[in-house]
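So the chains spell out like this:
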Amino acid sequence: MPIKTFERFPNFYEVQHPIVQYKLSLLRDKETNRKLFKELTEELTMLLGYEATADIPMTTKKVSTPLETFDAPFLKNNQFVIAPILRAGIGMSEGLLKLLPMASVGFIGYYRDEKTREAMPYYFKLPPNCEKAHFFLCDPMLATGNTSCAAIKKLKEKGVYNIKFICMVAAPEGVQQMLDEHPDVPIFGASLDRQLNENAYILPGLGDAGDRLWAVK
Ligand code: URA
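Please read all numbers here as calculations on a predicted model, not as lab measurements.

Focus: the site of the ligand
Link 1 in the chain: As a matter of local geometry, the ligand sits amid Met 141, Ala 143, Ala 200, Tyr 201, Ile 202, Gly 207, Asp 208 and Ala 209.
Link 2 in the chain: At a separation of 2.8 Å, an oxygen atom of the ligand approaches a polar backbone atom of Ile 202.
Link 3 in the chain: Within the backbone of Ala 209, a nitrogen or oxygen atom sits 2.8 Å from an oxygen atom of the ligand.
Link 4 in the chain: Contact with the protein chains covers 82% of the free accessible surface of the ligand, which is 240 Å².

As structure tokens, then:
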């Protein structure tokens, strides 16, 4: 099943695999409980991460099987960093770590300044040598794009450029802002949804991803 691309959003890759789409529908369902929501988030991130890593450069190394030695495929650069945006992104990093167990993990937290409406960092902790790594920034919901754009700006200031963004669901507004500010950062998601509502929630969306992952009702 192909990855869908959009003429107006050349930065967005929608993974249309049937299993991804099925799991996303379960994730959206308001009846899905916290345990299943967390499991689905991890599984979906693993599948999205699989697609997001499809173009990473390869090399070969000699491997000896019990029968002979041959040039076996290996990753050219084995350095990976996963950085979830707090708090909902944490649910994704667990899934991505299963796919990339060699990755280091950083943590990025932003809050919204109610006066200026600007995204303000309150936590920004990265592992060493991020500049040389394949860097995966995760947030389940790409809504306005304010936080992700601010986080990517700060990453670039620190010399991190090889960045891919992984989300479950994106709003056109957020994808447009990413395209305007960071056209070099590809976004991998399970769905480009219709729009944001007046409270900046994605429609049809899946609600508050952080609450659904971490708040027990
Ligand atoms: N954050 C969420 O958790 N959900 C949305 O719909 C938008 C932002």
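Focus on the packing of helix H1 (residues 18-28) against helix H2 (residues 34-52)
Link 1 in the chain: At a minimum axis distance of 10 Å, the contact between H1 and H2 shows a crossing angle of 155°. One element, H1, and the other, H2, form an angle in the roughly antiparallel class. Between H1 and H2 lies a crossing whose hand is left-handed. Seen from H1, the contacting residues are Ile 19, Val 20, Lys 23, Leu 24, Leu 26 and Leu 27; seen from H2, they are Phe 37, Leu 40, Thr 41, Glu 43, Leu 44, Leu 47 and Leu 48.
Link 2 in the chain: For the contact of H1 with H2, the class distribution of residues is ten nonpolar, one polar and two charged.

What about the pairing of strand S5 (residues 80-84)?
Both faces of the sheet carry side chains from a regular strand, because those side chains alternate between them.
Link 1 in the chain: Judged by how many residues are buried, S5 sits mostly within the fold: five of five residues are covered.
Link 2 in the chain: Burial along S5 is two-sided: the face carrying Phe 80, Ile 82 and Pro 84 and the face carrying Val 81 and Ala 83 are both buried.
Link 3 in the chain: Two strands pair when backbone bridges link them, and S5 and strand S9 (residues 134-138) are joined in this way by five bridges, in the parallel orientation. What sits directly across from Val 81, in S9, is Phe 135.
Link 4 in the chain: In this sheet, strand S6 (residues 104-105) lies alongside S5 in parallel orientation, the contact comprising two bridges. Note on S6: the bridge partner recorded for Ile 82 is Val 105.
Link 5 in the chain: In this fold, the crossover linking S5 to S6 by way of helix H3 (residues 89-99) has right-handed handedness.

A closer look at H2
Link 1 in the chain: Between its first and last C-alpha, H2 extends 26 Å over 19 residues, near the 27 Å set by a 1.5 Å rise per residue.
Link 2 in the chain: Within the sequence span of H2, burial applies to Phe 37, Leu 40, Thr 41, Glu 42, Leu 44, Thr 45, Leu 48, Gly 49 and Ala 52.
Link 3 in the chain: Where H2 begins, the side chain of Asn 33 points an oxygen toward the backbone nitrogen of Lys 35, at a separation of 3.2 Å.

Focus on unusual backbone geometry
Link 1 in the chain: Here Leu 86 and Arg 87 are connected by a cis peptide whose omega angle stands at 0°.
Link 2 in the chain: Along the chain, Arg 87 turns up in the loop between S5 and H3.
Link 3 in the chain: Cis rather than trans, the peptide bond between Leu 203 and Pro 204 has omega equal to -5°.
Link 4 in the chain: On the secondary structure map, Pro 204 appears in the loop between strand S16 (202-203) and helix H6 (209-214).
Link 5 in the chain: Positioned with a positive phi, Asn 129 is a non-glycine residue whose angle comes to about 60°.
Link 6 in the chain: Assessed through its relative accessible area of 38%, Asn 129 is described here as partly exposed.

Looking at the packing of aromatic side chains
Link 1 in the chain: Counting across every chain of the model gives three aromatic pairs.
Link 2 in the chain: Between Phe 6 and Phe 12 the ring centres are 5.9 Å apart and the planes differ by 50°, which places this aromatic pair in the tilted class. With respect to class, Phe 6 is no different from Phe 12; both count as buried.
Link 3 in the chain: An angle of 10° between the planes, with centres 6.3 Å apart, marks the rings of Phe 80 and Phe 136 as stacked. With Phe 80 in strand S5 and Phe 136 in strand S9, the pair connects residues that are 56 residues apart, well separated along the chain.
Link 4 in the chain: A relative accessible area of 2% means that Phe 80 is categorised as buried.
Link 5 in the chain: Its guanidinium or amino end placed over the ring of Phe 74, Lys 61 lies 4.9 Å from that ring's centre, counting from NZ or CZ.
Link 6 in the chain: Positioned above the aromatic ring of Phe 124 is the side chain of Lys 154, whose terminal nitrogen or guanidinium carbon lies 5.1 Å from the ring centre.

Rules used throughout
Residues numbered from 1 in each chain as written. Predicted model: local features only at pLDDT ≥ 70, side-chain atom pairs only at ≥ 80, totals over all residues. Heavy atoms only, no water. Near = heavy atom within 4 Å. Polar contact = N/O pair within 3.5 Å; in protein donor to acceptor, adjacent residues only side chain to side chain. Areas by Shrake-Rupley, 256 points an atom, 1.4 Å probe, with all protein chains shown as cover. Axes fitted to C-alpha atoms, helices over the stretch in contact; angles between N-to-C directions. Helix = DSSP H or I, 4+ residues; strand = E, 2+ residues; numbered from the N terminus. Parallel < 35°, antiparallel > 145°, perpendicular 65-115°, else oblique. Left-handed = near helix turned anticlockwise from the far one by under 90°. Contact = heavy atoms within 4.5 Å. Nonpolar A, V, L, I, M, F, W, Y, C, P; charged D, E, K, R; others polar. Buried < 20%, exposed > 50% of the residue type's maximum accessible area, 1.4 Å probe, protein only. Pairing = 2+ DSSP bridges. Right-handed = clockwise from strand over helix to strand, strands pointing away. Expected span 1.5 Å × (residues − 1). Phe/Tyr/Trp six-rings, centres within 6.5 Å; stacked < 30°, edge-to-face > 60°. Lys NZ or Arg CZ within 6 Å of the ring centre and 35° of its normal.

Treat this as a map of the structure, not an account of what it does.
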